Structure formats: C-alpha cells, structure tokens
Amino acid sequence: MLGTIVNTGAILTGSVVGSVLKKGIKQKHQDALFTAMGLAATGIGVNSIVHNMPESQYPVLFIVSLALGSLIGNALELDQKFQSLADKFSVGHLSKGLSTGILVFCIGTLSILGPIQSALYGDNTFLFTNATLDLVTSMVLASTYGIGMVLTAGVLFCWQGSIYVLALLLGPFMSPEMMTELSIVGGFLIFSSGLSILNIKEIKTMNMLPSLLIPILGCAILSLF
C-alpha cells in the first residue's frame, strides 16, 4: 500500500499548495508542467512495452487486446459517459473541480495497473509515477477550485486500495504470462495518455480501458490448451 499512500499524499500536498497560490498558476507555467508530465508518461509507457514485449508468450495478443478493447470502449461510449457524469454532478464551482479530479486521478491506466503491480510484485513504479502526475494536476485544479480538492485524495485511496486488495485475493490466478501481457497493453495506454497530454494526438484513452481485460481473459483461455 506504500505506493497508494504516496499517491494520496501527493494529491493532498498538491491541493494545499495549489490553494495557497489562490490566483492560479499562470497558463505558461501550466503548459510547462503538463509538457514535462506528458514526456514522463510517454517514457514510462515505452519502457513498459520494451521491457515486457520480449517476454511475451503470445506476440499478437496485445494487438487483439487493443483492437477489441477499443471497439468495446467506443461502442459503450465510455469517454462520453464519464464526461456526462462529470457534467451531471458539476452543479457548483467546487463540484466541477471534484468531479474532474476524481475522473483524472482514478480512471487511468497507471491508477489501475499500479495497485496490481504493487500487490503482486511489490513494485510501486507506476504508482510513484502516477503520484508525480497527480501532484502537478492537483496543484493546477486546487489553484482554481480551492482547498476542497483534498477530498479527491480520499476517493483515490479507496479506489486504489480496493484494487490492491482485489489483486491480493486474485494473485494465485494471475500468472506471470498474464501480467506480462497486461503490462504491454498498459504500456501502450500510458504511452497514448502521454501523447494526449503533449497534444501530439488526441486519444480518448478512457475508451481503450476495456483493452486491459482482454489479456486476462485471453491468457486464461489459452492456458487451458
């Protein structure tokens, strides 16, 4: 749980610092921070792909996962539904910030894969990276919406904590091969998030989240043969 605790602390810290600034962080400084975070996310994604792909036992599974997952996500219109949900509960100034923060902090590849990696291997790399990204984002949000953004830290802790506990319970059923394939797909999603942050290519990564389920199902089925 160390990674989740650090991630939660990063949001608390960022929210306090951002609220102290009050007048907000200048746009040019926001752009500089997000560019740095976009480069970091891109690098982490590439590293995950390069590190795990040579170990893959099913070389085409990640292609199938990305294709099927994207089709499912687009058919379900996940990105649009989450945006609609945010708008629905954004009845006030702070509410808009909270809904935005919860979506940004919780619904992301690093925030989902991180607790799994931490629970199964004690590897907090994804969560520490996510903590850095969330530190910057929470500063920007809190400079606009105020100290109330600290509430998102509690939501994140419950979210990642639940995934962590679930991963511990399902650990015996998650083979090294399955985690390898999951890490490859996750690497591509993290990489796509980086491209979006850098404004190189607008990618609705949220619509691609079902791709993370395909390696789990695929490896479980293939292990039967």
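Our subject is the structure that appears above.
Keep in mind that this is a model prediction, so the values were computed, not measured.

1. Description of the side chain of Ser 15
Among the structural elements, Ser 15 can be located in helix H1 (residues 2-21). Of the residues examined, Ser 15 reaches a relative accessible area of 0% and is grouped as buried. A polar contact of 2.8 Å, which involves the side chain of Ser 15, links it to the backbone oxygen of Ile 11. Residues contacting Ser 15, with those up to four places away along its chain left out, are Ser 138, Ala 142, Ile 147, Met 149 and Val 150.

2. Focus on the environment of Ala 36
By secondary structure assignment, the location of Ala 36 is in helix H2 (residues 27-52). Linking Ala 36 and Ala 119, residues 83 residues apart in sequence, is a C-alpha distance of 28 Å.

3. Some points on the packing of aromatic side chains
Here the structure, examined in full by the defined rule, presents one aromatic pair. Arranged with centres 5.3 Å apart and planes meeting at 5°, the rings of Phe 62 and Phe 188 form a pair that is stacked. On the criterion of sequence distance, the pair formed by Phe 62 in helix H3 (residues 61-76) and Phe 188 in helix H9 (residues 176-197) is long-range, its members being 126 residues apart.

4. Observations regarding the layout of surface pockets
By volume, the second largest pocket is sized at about 460 Å³. Around the second largest pocket sit 20 residues that line it, and Ile 112, Ile 116, Leu 212, Leu 213 and Ile 216 are the ones nearest its centre. When residues of the lining of the second largest pocket are traced back to their parent elements, those giving at least two are helix H4 (78-89), helix H6 (109-121), helix H8 (151-170), H9 and helix H10 (213-222). Considering every element that reaches the lining of the second largest pocket, the biggest residue donor is H8, with five residues. A breakdown of the residues in the lining of the second largest pocket according to their chemical character gives 20 nonpolar, no polar and no charged.

5. Considerations on unusual backbone geometry
Excluding glycine, a negative phi dihedral is what most residues carry, and trans is how most peptide bonds are arranged. Positive phi outside glycine occurs at Glu 77, with the angle close to 50°. You can see Glu 77 is positioned in the loop between H3 and H4. Exposure remark for Glu 77: the relative accessible area of 38% places this residue in the partly exposed category. The backbone phi angle of Asn 199 is positive, close to 60°, even though this residue is not glycine.

Calculation rules
Residues numbered from 1 in each chain as written. Predicted model: local features only at pLDDT ≥ 70, side-chain atom pairs only at ≥ 80, totals over all residues. Heavy atoms only, no water. Helix = DSSP H or I, 4+ residues; strand = E, 2+ residues; numbered from the N terminus. Buried < 20%, exposed > 50% of the residue type's maximum accessible area, 1.4 Å probe, protein only. Polar contact = N/O pair within 3.5 Å; in protein donor to acceptor, adjacent residues only side chain to side chain. Contact = heavy atoms within 4.5 Å. Phe/Tyr/Trp six-rings, centres within 6.5 Å; stacked < 30°, edge-to-face > 60°. 1 Å grid on protein atoms, 1.4 Å probe; cavity = no way out; pocket = protein on both sides within 12 Å on 5 of 7 lines; lining within 4 Å. Points joined across faces, edges and corners; volume = space filled by probe spheres on them. Nonpolar A, V, L, I, M, F, W, Y, C, P; charged D, E, K, R; others polar.

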